[in-house]
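# Secondary and tertiary structure notes
Residues per chain are reported as follows:
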Amino acid sequence: MIIEAKNISKSFGQLKVLKSVDFQAEHGEIVSITGASGAGKTTLLQILGTLSSPDEGTLCIDGTDVLSLGSRQLSSFRGKKIGFVFQDHHLLPEFTALENVMIPELIAGVPRKTATVHAQELLAEVGLADRTGHKPSELSGGEKQRVAIARALVNRPAVIFADEPTGNLDSVTKEEIHRLFFSLRDKFGQTIVIVTHDPALASLCDRSLTMRDGRFE
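Structural notes, computed from the coordinates.

## Topic: the sheet that holds strand β5 (residues 64–65)
Strand order across the open sheet formed by four strands is β2-β1-β4-β5, with antiparallel pairing between neighbours. In the strand order of this sheet, the two ends are held by β2 (15–25) and β5, each with one partner. Packed onto the sheet, helix α1 (residues 41–48) meets β1 (3–12), β2 and β4 (56–61) and runs at close to 125° relative to β1.

Below you can see the structure in the form of structure tokens.
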């Protein structure tokens, strides 16, 4: 089991957003989490991705009890083991596609020459070999999201968390990104957890879970 979360609870003031949620995912599995706005999907994803802490519960990722880690250890763990793809690509506008993909490895201390090769390989993998020198303003929405996916993969993480990864894209581009997630999983073997409102994407996943009022149905 690559992810095992038990009894995850989270409140914001008097509002209990997550109510003793259990979640597991296997190595190489793609799991979607669906549900209405306010059901707790993104809060759960942030906790699973170690961006937020639960009020109660346990979380083990790739054999590590992440809730027991100090802030510096947790940051290091996140950089090595977890990749993120968001609805808004969060690319740095002043950098090229290649430079944006390189950044996680440079932060991790990988030599620039090695990081450049890895970024070039991944951009080719997502179909952007001819766009490496373009800045985000010169890329389409789908191309920006492909760069973001390549950036999430560059450290070869164990898990990728994606929050509405195709929410801002047209229907044709959505389908292309859907196919890309599955082809990358087949090649690199990551576990992928996707929060989505898109029933087409959810139906493609190995498993689809629905949240309602802070719990899985």
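Still more to cover.
## Some details on empty space enclosed by the protein
This model, assessed by the stated rule, comprises one cavity of 30 Å³ or more. Approximately 40 Å³ is the volume found for the largest cavity. Lining the largest cavity, in full, are I149, L153, I160, F181, L184, R185, Q190 and I192. Contributing elements (two or more residues each) for the lining of the largest cavity: α5 (141–153) and α6 (171–188). Element by element, the count of residues in the lining of the largest cavity is highest for α6, at three residues.

## Topic: the environment of S203
Inspection of the secondary structure assignment puts S203 in helix α7 (residues 199–204). C-alpha of S203 to C-alpha of S32: the two residues are 171 residues apart in sequence and 8.5 Å apart in space.

## Topic: the side chain of E143
Mapped onto the elements, E143 comes out in helix α5. Here the side chain of E143 touches R131 through a polar contact of 3.2 Å, side chain to side chain. Apart from the residues lying within four places of it in its own chain, the contact partners of E143 are L128, R131 and E138.

## A few points about the layout of surface pockets
The volume enclosed by the largest pocket comes to roughly 530 Å³. In terms of lining, the largest pocket is formed by 20 residues, of which the most central are R78, G79, I82, P104 and N155. Listed by contribution, the elements that provide at least two residues to the lining of the largest pocket are α2 (71–81), β6 (82–86), α3 (97–107) and α5. Each residue belonging to the lining of the largest pocket can be placed in one class, and the counts come to 11 nonpolar, six polar and three charged.

## Quick look at the pairing of β6
Most of β6 is tucked away: four of the five residues are buried. Note: β6 against strand β7 (residues 159–163), five bridges, orientation parallel. Paired with G83 across the strands is I160, a residue of β7.

## Points about the pattern of salt bridges
Close approach of charged atoms allows side chains of opposite charge to pair. If you walk through the whole model with that rule in mind, you get nine salt bridges. The residue E4 makes a salt bridge to K6 at a minimum N-O spacing of 3.7 Å. According to the relative accessible area criterion, E4 is partly exposed, its value standing at 29%. Taking relative accessible area as the criterion, K6 reaches 40% and is therefore assigned partly exposed. Between K81 and D62 there is a salt bridge, and its shortest N-O distance comes to 2.7 Å. Separated by 19 residues along the polypeptide, K81 in helix α2 and D62 in the loop between β4 and β5 bring together distant segments of the chain. Here K81 falls in the partly exposed class, since its relative accessible area comes to 29%. A residue is classified by how much of its surface remains accessible, and D62, at 27% relative accessible area, is partly exposed.

Definitions and cut-offs
- Residues numbered from 1 in each chain as written.
- Predicted model: local features only at pLDDT ≥ 70, side-chain atom pairs only at ≥ 80, totals over all residues.
- Heavy atoms only, no water.
- Pairing = 2+ DSSP bridges.
- Helix = DSSP H or I, 4+ residues; strand = E, 2+ residues; numbered from the N terminus.
- Contact = heavy atoms within 4.5 Å.
- Axes fitted to C-alpha atoms, helices over the stretch in contact; angles between N-to-C directions.
- 1 Å grid on protein atoms, 1.4 Å probe; cavity = no way out; pocket = protein on both sides within 12 Å on 5 of 7 lines; lining within 4 Å.
- Points joined across faces, edges and corners; volume = space filled by probe spheres on them.
- Polar contact = N/O pair within 3.5 Å; in protein donor to acceptor, adjacent residues only side chain to side chain.
- Nonpolar A, V, L, I, M, F, W, Y, C, P; charged D, E, K, R; others polar.
- Buried < 20%, exposed > 50% of the residue type's maximum accessible area, 1.4 Å probe, protein only.
- Salt bridge = Lys/Arg side-chain N within 4 Å of Asp/Glu carboxyl O.

Honestly, that's just the spatial picture; any functional story needs more than this.
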